[in-house]
Amino acid sequence: MNHNPEEHGIGARITRYSAILAVSGILCKMLLLVYTVLAVDILGKEQFGRIEYFIEMAIIFSVLIDFGLEQTVTREIARRRDELQRYLYPLLTFRLAASLFSAVFMTLVMRMLAQPGHTWLLLISSLTYLIVVMNIMLARAIVRSFELMAYEGLANIIDKIIHIGLAILVLYLLPSLPVIVLCYTAGSLAALAVYMYVILTRFGIRKTAYTLQDWIEWQKRAVPIGLSAACILLLHREDTAMVNWIRGDAETGLYRAPYRFLEGLFLFPQVIAISAYPVFSKLFHEKRPFQESAALLLRGLLLMSLPMAIGGLCVADEMMLWLTPELGAPGGFVFKLLLLSLPFIYANFLLGTILNAANRQHLNVRASAWGLFCNAFFNIPAIYYYGAYGASVVTVLTQGLYCILMLIYTRDFHVLQEWRRYASILFSCLLMYAALSWLDWPWYASILIGMIIYSASLTLTKGLTKTDINNLVRVAIKKSDS
């Protein structure tokens, strides 16, 4: 296969940015998983589920009110960096006003849906988190548009160190739910300070005249991405709200604790999507190719996610019982079901990024809307009769549907290339699964031996060649094209 030399520079940039975010992300995910294990053990699944519900609702409202502005700002500023000062002050004031409005809106909705234990103090503490997160979204978009990923990695680490550090102290000294939620806010405030420091020191903020129409124009520009962002968010998050509304806090805890572990595995597609988005957007705007890089990234994501999904079926029960005994055997079963959605979710991160970067956000809206509709429709009976189990199965089905639709909409990019490599990946996964099922070792040993078997099989069947490894190393250390 011929490789476009220009695309090696693209790969270098995306790989380096991804590495920066991955390093910070690994630390953040580890801290978050430690907190999850301790929170479930100390609070129990009911109170843990209650906190997760309020945090998830804050995230849902933040994305619904943002309505695609974060991604739109990232894309547009990446294409017009010399015009930043024209837009910066109006955008910051717009976001502050929108965050205050979102707090009022969330208050009205949450009080209408309040259940026993959903107190005013818990709501107010979650509102502080909502306001800070909304302002982070805009500041982070500015930083991303200039490809300053090191600062985002730093902000992520500081956020989680402060959030988790304070939350663990509160868990042991004063296990109060509102105070624990305020720990989330404290971490987010620290992250916001990092982003604002970067903006102030690198670019400055000049007060510029603007009108209400300027706000409206930005939001109108964001509508197509906003529609897809809202659908994607609800596709990932509405399960938690529906489980809570239909089955209560305890069932929410049973669903959310394993989902937290699943989210820990989202690190790699997240950092690749974040790193690729401003790069792909700029290249598309300049009519430069990136299809080959997109295909390589997709194969790499499936190379990672398929073995985690298939091998995870052998270790999920024992691992979850060991880490979260409070959940019992149901926790492991929920995690096994959720793992089956992992390859679809990995692919979806990248495919959605390609569509948005290539100004095809309307197709992303169409695909995500179908996924969202099916998710809501099937979740009602699934959760009513089967609780967390039903929500997990529906997650797999709807993420799969969303993936298939986006593959159809990106078919002219030819992101699925070299089918022999995919056959090698699948064969290696099945061989690993057979070996782990036969060995029946402890879960931590099974993970290690599974990695060895999978890697060896992948190499022998040429799903991953020495040339691929050398290229990856070369791309990782090569200086990027400006």
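That block above? That's the structure.
Residues numbered from 1 in each chain as written. Predicted model: local features only at pLDDT ≥ 70, side-chain atom pairs only at ≥ 80, totals over all residues. Heavy atoms only, no water.

Overview of the overall build of the chain
Part 1 of the reasoning: Along the chain, the regular secondary structure elements total 17 helices and 0 strands.
Part 2 of the reasoning: The C-alpha atoms of the chain give 22 Å as radius of gyration, which agrees with the globular expectation for 482 residues (23 Å, within 12%).
Part 3 of the reasoning: When the backbone C-alpha atoms are referred to their principal axes, the chain occupies close to 65 × 55 × 40 Å.
Part 4 of the reasoning: Expressed as a percentage of the 482 residues in the chain, the buried residues total 58%.
Part 5 of the reasoning: Taking the contacts inside the chain whose residues are at least 6 apart along the sequence as the reference set, 87% of them involve residues at least 24 apart. (Helix = DSSP H or I, 4+ residues; strand = E, 2+ residues; numbered from the N terminus. Rg over C-alpha atoms; globule rule 2.2 N^0.38 Å. Buried < 20%, exposed > 50% of the residue type's maximum accessible area, 1.4 Å probe, protein only. Contact = heavy atoms within 4.5 Å.)

Some words on the nonpolar core
Part 1 of the reasoning: Core analysis: the largest hydrophobic core is formed by 106 residues, its most contacted members being Y35, I51, M106, L262 and F280.
Part 2 of the reasoning: Ranked by residue count, the leading element in this core is helix α1 (residues 5–66), at 18 residues.
Part 3 of the reasoning: In contact with M106, not counting residues within four places along its chain, are F54, M57, A58, F61, L123, S126, L127 and L130.
Part 4 of the reasoning: Counting residues in hydrophobic clusters, the runner-up holds 28 residues, among them I77, L88, I142 and L192. (Core = buried A, V, L, I, M, F, W, Y, C linked by side-chain atoms within 4.5 Å.)

Remarks on helix α7 (residues 212–247)
Part 1 of the reasoning: Taking 1.5 Å per residue as the helical rise, α7 with its 36 residues ought to reach 52 Å, whereas the 43 Å between its terminal C-alpha atoms falls clearly short.
Part 2 of the reasoning: Of all the bends in α7, the greatest reaches close to 55° and is centred on V223; the proline P224 follows between one and four positions later.
Part 3 of the reasoning: With its phi angle positive at about 95°, G248 sits one or two positions after the end of α7. (Expected span 1.5 Å × (residues − 1). Bend = angle between axes of the 7 residues up to and from the residue.)

Things to note about a nonpolar patch on the surface
Part 1 of the reasoning: On the surface, M112, L113, W245, I246, I380, Y384, Y385 and Y386 cluster together into a nonpolar patch covering about 950 Å² of accessible area.
Part 2 of the reasoning: No other element matches the 4 residues that helix α13 (residues 361–386) contributes to the nonpolar patch.
Part 3 of the reasoning: With respect to the element layout, Y385 can be found in helix α13. (Patch = residues over 30% accessible without salt bridge, like charges linked within 9 Å, V, L, I, M, F, W, Y side chains within 5 Å. Areas by Shrake-Rupley, 256 points an atom, 1.4 Å probe, with all protein chains shown as cover. Salt bridge = Lys/Arg side-chain N within 4 Å of Asp/Glu carboxyl O.)

Re the side chain of R260
Part 1 of the reasoning: Position of R260 relative to the elements: it lies in helix α8 (residues 249–264).
Part 2 of the reasoning: Here E52 takes part through its side chain, which lies 3.0 Å from a polar atom of the side chain of R260. (Polar contact = N/O pair within 3.5 Å; in protein donor to acceptor, adjacent residues only side chain to side chain.)

Topic: the pattern of salt bridges
Side-chain pairs of opposite charge can arise where the charged atoms are in close proximity.
Part 1 of the reasoning: The full count for this structure, using the stated rule, is 11 salt bridges.
Part 2 of the reasoning: With a shortest N-O distance of 3.0 Å, E52 and R256 are connected by a salt bridge. Note that E52 is positioned in helix α1 and R256 in helix α8, a separation of 204 residues in sequence.
Part 3 of the reasoning: In this structure E52 comes out as buried when scored by relative accessible area, which is 0%.

So, helix α12 (residues 342–357)
Part 1 of the reasoning: Taking 1.5 Å per residue as the helical rise, α12 with its 16 residues ought to reach 22 Å, and the 23 Å between its terminal C-alpha atoms agrees with that figure.
Part 2 of the reasoning: Within α12, 14 of the 16 residues are buried, which leaves the element mostly enclosed by the surrounding structure.
Part 3 of the reasoning: Backbone geometry just after α12 places N359 at a positive phi near 60°.

Structural notes on the environment of G68
Part 1 of the reasoning: By the secondary structure assignment, G68 is in the loop between α1 and α2 (69–79).
Part 2 of the reasoning: We classify G68 as buried; its relative accessible area is 2%.
Part 3 of the reasoning: In the structure, G68 is positioned 48 residues away from P116 in sequence and 34 Å away in space, judged by C-alpha atoms.
Part 4 of the reasoning: Once residues within four sequence positions are removed from consideration, G68 is found in contact with A222, I225, G226 and A229.

A word on unusual backbone geometry
Part 1 of the reasoning: A positive phi is found at D440, a non-glycine position, where the angle reads about 55°.
Part 2 of the reasoning: When you line up the elements, D440 lands in the loop between α15 (419–439) and α16 (443–460).

Describing the side chain of E70
Part 1 of the reasoning: Here E70 is to be found in helix α2.
Part 2 of the reasoning: You can call E70 buried: its relative accessible area is 11%.
Part 3 of the reasoning: There is a polar contact of 3.0 Å between the side chain of E70 and the side chain of R140.
Part 4 of the reasoning: Those residues in contact with E70, other than ones at most four positions away along the chain, are M137, R140, A141 and R144.

Structural notes on the packing of helix α10 (residues 291–323) against α15
Part 1 of the reasoning: It is at 9 Å that the axes of α10 and α15 come closest, and there the two elements cross at 20°. With respect to α15, the element α10 is oriented roughly parallel. Considering the relative orientation of α10 and α15, their crossing is right-handed. Only R421, Y422, I425, L426, C429, M432, Y433, L436 and S437 of α15 make contact with α10, whose side of the interface consists of L298, R299, L302, L303, L306, P307, I310, G311, L313 and C314.
Part 2 of the reasoning: Partitioned by chemical class, the residues of the contact of α10 with α15 number 15 nonpolar, 2 polar and 2 charged. (Axes fitted to C-alpha atoms, helices over the stretch in contact; angles between N-to-C directions. Parallel < 35°, antiparallel > 145°, perpendicular 65-115°, else oblique. Left-handed = near helix turned anticlockwise from the far one by under 90°. Nonpolar A, V, L, I, M, F, W, Y, C, P; charged D, E, K, R; others polar.)

Section: the packing of aromatic side chains
Part 1 of the reasoning: By the definition in use, this model includes 15 aromatic pairs.
Part 2 of the reasoning: Consider the rings of F261 and F335, whose centres lie 6.3 Å apart with planes at 65°: the pair is edge-to-face. Within this pair, whereas F261 is found in helix α8, its partner F335 is found in helix α11 (residues 329–339), the two being separated by 74 residues in sequence.
Part 3 of the reasoning: What makes F335 buried here is its relative accessible area of 5%.
Part 4 of the reasoning: These aromatic residues form a ring-pair network of at least three members: W370, F373, F377 and F378. (Phe/Tyr/Trp six-rings, centres within 6.5 Å; stacked < 30°, edge-to-face > 60°.)

Points about the packing of α2 against α7
Helix packing geometry: the angle between the two helix axes and the distance between the axes.
Part 1 of the reasoning: Put simply, α2 and α7 touch, their axes get as near as 7 Å, and they point 120° apart. Judged by the twist between their axes, the crossing of α2 over α7 is right-handed. From α2, L69, Q71, T72, V73, R75 and E76 reach across to α7, where they touch W218, Q219, R221, A222, I225 and A229.
Part 2 of the reasoning: Residue classes in the contact of α2 with α7 are distributed as 6 nonpolar, 3 polar and 3 charged.

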